[in-house]
Amino acid sequence: MPFKRYVEVGRVALVNYGKDYGRLVVIVDVIDQNRVLVDAPDMVRGQMNLKRLSLTDITVQIEKVPKKSTLIAAMETADVKNKWENSSWGRKLIVQKKRAALNDFDRFKIMLAKIKELSLKSLFKGGDEVNKRDYNSKNMKKPSWMMPITHGYYLVEDRTRDLESSELEKQDTLVVQREEISNLELWFFSLSGSVIGDSISNYMHSHLFSRQLKESQVISKSKEAMKKVYLSTKAKVESEISERTVNVASTSVIIVNGERLVMAQMGGYRVIVCRDGIAHQLHTKHQHTGNMHWPHRLISGVMRIPKVHIQACHLSRQSSRKQNNSTELVTVIEKLDSDTEFLILASTGVFEVMRNQEAVDLIWHIDDPQEAAECLAREALSRMSKGTISCLVIRFD
């Protein structure tokens, strides 16, 4: 798909960072390759960095640096407000703002409405007797999840100039696989550095997908297999390439029946979960240390266990870069809900030039996952990323 959103005079853009977040502005002049002059009916004209703007498909016919009255008239002629509100991007932002303004009682009423809607759907499908007969039948498979899963990816070839490092640092390995175990549908997505290759997918195929497991064992065995293969692969690669330091990086996701996520990441490759427009990252809240608090010393056999969960991340650039260099293995089991919109699996080359929320804001309005992955990779390239650029976008429609 050809690129159509150019930085030009008259291009309407959305502010994605700062005090003007969420405001529509019009580019009235281009200062240099990094800055533009923007204006809007309800703001004072000023310069803004292109990193803080997300370009839209809407344009306005104006000359350079027009008067405020001329700009307002041109926006009304182009019907910018209605075009924006009727676009998928604008509708999502409107829904997000409405959800943010809800109080606890409003959210409770929405929950009751969803429960009522689900009960009506089950009633129209045949009631409890039909559902019980379907689940008790050995030859009848469980129905697939109501939301289909689509994905798109983009891998940028290695751009290193060092001949010695280019022998080791080549293009990343991407694996997408669909399996069925005990009437459960499993989607396996993996993005690994060149030093790892397809060793993780081979291990998962022989130790998980080819085994006859019970339904109750699939999720726990998936997490256990992912943890084992990551640790063993890291130790094997580090022992084989002992003369130089290499980054053993990879990230993987298993989607179980469209209801559960089993995720793992290591070496700076990340999994970002977008829930209702907010970026969430795999994160270890507590790390185990040798020093215990005194109440735990009094009880024999009690040990503090590190808790792992998904945490909303609005990180600064400094903390984000520290996480890029982390070799810690993180594995998480999470439940998929209606607020989960898409996942981003990306390499260090993407997150060394942008934060988690920036990546989500950049592609949040793009419904096609292939186009979203290409947009993310192009943005990393335009920001002069020096690392390997690989990204995979999984969208739940």
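Small disclaimer: the values here were computed from a predicted structure and weren't measured.

About the criteria used
- Residues numbered from 1 in each chain as written.
- Predicted model: local features only at pLDDT ≥ 70, side-chain atom pairs only at ≥ 80, totals over all residues.
- Heavy atoms only, no water.
- Pairing = 2+ DSSP bridges.
- Helix = DSSP H or I, 4+ residues; strand = E, 2+ residues; numbered from the N terminus.
- Axes fitted to C-alpha atoms, helices over the stretch in contact; angles between N-to-C directions.
- Buried < 20%, exposed > 50% of the residue type's maximum accessible area, 1.4 Å probe, protein only.
- Contact = heavy atoms within 4.5 Å.

**Looking at the sheet that holds strand E10 (residues 260-266)**
Pairing within the open sheet is antiparallel, and its 5 strands lie in the order E7-E8-E9-E10-E14. Edge positions in the sheet fall to strand E7 (173-181) and strand E14 (330-335), since each has one partner strand and no second. The average angle at which neighbouring strand axes cross in this sheet is 10°, direction not considered. Where strand E8 (residues 184-192) lies against strand E9 (residues 250-256), 7 bridges are found, and the strand directions are antiparallel. Considered in E9, the bridge of phenylalanine 188 is made with isoleucine 254.

**A closer look at the sheet that holds strand E3 (residues 35-39)**
An order of E4-E3-E2-E1-E5 is seen for the 5 strands of this open sheet, with the pairing classed as antiparallel. The open sheet has two free edges, formed respectively by strand E4 (46-49) and strand E5 (53-59), since each of these has just one partner strand. Direction aside, the axes of adjacent strands within the sheet are offset by 50° on average. Pairing of strand E1 (residues 11-15) with strand E2 (residues 24-30) involves 3 bridges; the strand directions are antiparallel. Its bridge partner being in E2, alanine 13 is matched across the sheet by valine 25.

**Digging into unusual backbone geometry**
Its identity is not glycine, yet aspartate 79 carries a phi of approximately 55°, on the positive side. Note on placement: aspartate 79 falls in the loop between helix H1 (68-78) and helix H2 (80-86). Its identity is not glycine, yet asparagine 257 carries a phi of approximately 55°, on the positive side. Mapped onto the elements, asparagine 257 comes out in the loop between E9 and E10. Since its relative accessible area comes to 8%, asparagine 257 is described here as buried.

**A closer look at the environment of arginine 52**
Assignment of secondary structure puts arginine 52 in the loop between E4 and E5. When the C-alpha atoms of arginine 52 and valine 15 are compared, they prove to be 5.8 Å apart, with 37 residues separating the residues in sequence. Arginine 52 has contacts with Leu14, Val15, Asn16, Tyr17 and Gly18, leaving out every residue within four places of it along the chain.

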